[in-house]
Every structure is written in structure tokens, then in C-alpha cells.
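# Report on the structure
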Amino acid sequence: MTKRVRSKIARGSAELAILSLLNKQQLYGFEIAKRIEEESGGALHFNLASLYPMLYTLEKRGWIGGRWESNRAGRDRRYYCLTGAGRKQIAPLRREWKSFFRGLDLLAGVTRA
Amino acid sequence: MRDWNVLVREKFSGRGLDELQRTEVVSELAAHLEDLYEHQRSLGIGEAEAISRALNEVNNWRQLSRDISSTKKPEGHMNYRTKSLWLPGFTTLTAAMGALAIIMGHDVHRFYFEPRIYWYGSMAVMEIYLPWLAILPIIGGIGAYLSRLANGNLKTRLAAALFPALVVFALFCPGIVVTAVFEHHLNWHVLPVAFAGMVFSWVLLPGAALTLGALPFLRSSQVRDAEYSGS
């Protein structure tokens, strides 16, 4: 399994990680945290304390929307989906991260490590 | 079976939130802990350990409560668009017009009372227009910077920087129509040329100067650290 990224680095990636996941399907909080960990190969981990403030921030910006629905087990969960404004943020965020990694690679030779 | 709702309600103060918001947040956080607990149990982890792991999701409930409350409470009278576009935009507009007024200084009197002599003279270009144009990159930079501070995206930052030029253009367009309708003595062939000249001098060139200043703030900014604590 990939080594888990330290929390401060992981936090910065939360916006893109959440938007990318919700671009595929609507999910509720626990599923988002679980999927982020699974799909990043264990490198990224968001616990409750780090996930929900970010979800509410994205919701306040109008990038995601939440509504209560029953999950497969029949329990009420607050599902989040991407809004039009949120969808527009994905490409610029990806470019931002690409440029960040390129810069870091030039500086610190990350891909050669 | 553990009542996660009661547990979260005890720990999460949600100060600043109304009762409905607090209930909703408590329900959502409790649901998360419940799911996590059940997930741990499904992996074969003992009940005590599963509860402990779920509770370890939050080290500092007071901090979490502060973070969520500050995110959930209303923004007050300024929303995202106001902070990222209108406020920086009106700042650049005021600064650009203020700078023009300051440069004109005591010559304002001449501008109003001897417009033909003054305004069309090369002195006006040298003494007023060019110094004003030279200041605009700073003003454009301030607009884009303020917009970026408010998390404005690329287009918003550019619009905030270009705001004075956009406002002038918005005024010119109806102005040329009004002139065409009411100033019958004007030659129709002159109007488009005059309009093009005015747009070039007061929209395009200032726009280019404002954009020049905004450029450092239009590039992808460093990845913003998320504004929350935890993990």
C-alpha cells in the first residue's frame, strides 16, 4: 500500500479529491472518505474532523450540494453531488496541481525519488 | 447498540448555529461515526476497538465545532461574488478615477472651461493621460490581488482588474447612440472613427495597462491550504 501522505499535504488536495469523486457520482460523507482512501491507494486519508469542514466549505461556495436520502441500508444519509459551478472548478484545479507538481519536481526531483 | 447521535450532540456544541443547522450537522456526523463503526466491525474488529477507532476520528471536538460553525454561519452582507468581483472591481474603478482626478489636480478647471484647447493638446496627453496610463498597472494588480484573496477564479480576477475599462466601455456604447440620435449636426462618418478612437484611448490601452499589472496574480496561485484543521 502507498505510504500515507502527511495531513498538511493531504489537506490541500481535499478540494480536488472531493470534486473529482463527486464528478462521477453522488456520495455521502463516509463514502467520500472511504473512496478517497481506496482510490488514492491509501495515500490520502480524511477523517471526520478534516472532511466535514471541507464539505461544508465547498457547499457554501456553491460547488457541491447536499440532500438527505436513504442509502441502500435504508438509513438517512446526506448525499453530496457536484453543481455546475463545481464542475467548472475541476479543470482549473487540475491545472493548478499539475503546475504545482511540475514545479516541485523541478525543484526537488520528486519523480526520481 | 450505541446511540451516536447522543454522543455527538454531547460533544458538538455548534455555537453560532441555529437549532436546525445544529441538528442536521449532529445527525450527519453521527451517521459518519456509525458507518465507520460498522465498517470496522465488518472487518472483524472487536466492538471496543471499533468504538475507540470511531471516536479517534476527532481529537478536538471544540476545534471541530468552531471550524464547522464558522463555515456554516451566514456570510453576512457580503457573498462570494461581492468579495471576489464587486469589491475589488469598485476598488480599481475608484482608484483609477481617483488617480485621474489627482493627476488633473488644479487643471480640472481648465479641462471644463477650455476643453478644446486643453483636451486636444499634446500637453494633456503628456501631463495627464500618459502618467495615468503608467499608474494603471498598479491599480490592475491591486484589483486582481484583492480578487485572488477572496478566492476569485481566473476570469473573476481579470474582470476585477479590468473593471474601470469595462465600465468606461459600458458608458461609451449608449453614449455613442445618444450622440448619434441627438447631435444631428455631426457627420455620420465621423462617429465611428470618434468611437473607435475613444475606445482605443479609454478602453483598450487602459485595459492593456490594467491587465499588465494583473498578470502576476492571474497565474495559477500556489495550492491553497484548506481552511480547516483536523486529522
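One structure accompanies this document, and this report is about it. (Residues numbered from 1 in each chain as written. Chains lettered and ligands numbered in written order. Predicted model: local features only at pLDDT ≥ 70, side-chain atom pairs only at ≥ 80, totals over all residues.)

For the rest of this paragraph, the subject is the overall build of chain A. A count of helices and strands for chain A gives five helices and three strands. If you list the helices and strands of chain A from N to C, you get α-α-β-α-α-β-β-α. Within chain A, buried positions represent 31% of all 113 residues. Long-range contacts, defined here as pairs at least 24 residues apart, represent 55% of the contacts in chain A between residues at least 6 apart. (Helix = DSSP H or I, 4+ residues; strand = E, 2+ residues; numbered from the N terminus. Buried ≥ 20, exposed ≤ 12 C-beta atoms within 10 Å, placed from the backbone. Contact = placed C-beta atoms within 7 Å.)

Turning to the sheet that holds strand 1 (residues 27-28) of chain A, a few remarks are in order. All names here are of chain A. The strand order 1-3-2 describes an open sheet built from three strands, whose pairing is antiparallel. Of all strands in the sheet, those bounded by a partner on one side alone are strand 1 and strand 2 (64-70). Two elements, strand 1 and strand 3 (residues 76-82), share two bridges in a ladder whose sense is antiparallel. Bridge pairing in strand 3 places Tyr-28 opposite Tyr-79. (Pairing = 2+ DSSP bridges.)

Roughly 40 degrees is the biggest bend found in helix 10 (residues 190-218) of chain B, and it falls at Phe-200 of chain B. Turning to helix 10 of chain B, its buried residues are Val-203, Pro-206, Gly-207, Ala-209, Leu-210, Gly-213, Ala-214 and Phe-217 of chain B. (Bend = angle between axes of the 7 residues up to and from the residue.)

Another aspect to go through is the nonpolar core. One recurring pattern in soluble globular proteins is that nonpolar side chains are buried together. Within the largest apolar cluster, 38 residues are counted, with the highest numbers of intra-cluster contacts made by Ile-18, Leu-48, Leu-51, Tyr-52 and Leu-55 of chain A together with Leu-29 and Leu-33 of chain B. Elements that contribute at least two residues to this core include exactly helix 2 (14-22), helix 3 (29-39), helix 4 (48-61) and strand 3 of chain A together with helix 1 (4-11), helix 2 (19-42), helix 3 (47-55) and helix 4 (61-72) of chain B. With eight residues, the top contributor of residues to this core is helix 4 of chain A. What Leu-29 of chain B contacts, discounting residues up to four positions off in sequence, is Leu-48 and Tyr-52 of chain A together with Val-8 and Phe-12 of chain B. Counting residues in hydrophobic clusters, the runner-up holds 21 residues, among them Leu-136, Ile-139, Ala-161 and Phe-217 of chain B. (Core = buried A, V, L, I, M, F, W, Y, C linked by C-beta atoms within 7 Å.)

Now for the environment of Leu-55 of chain A. Residue and element names in this part refer to chain A. Along the chain, the position of Leu-55 falls in helix 4. Sequence separation between Leu-55 and Ile-32 is 23 residues; the distance between their C-alpha atoms is 9.9 Å. Those residues in contact with Leu-55, other than ones at most four positions away along the chain, are Ile-18, Gly-29 and Tyr-80.

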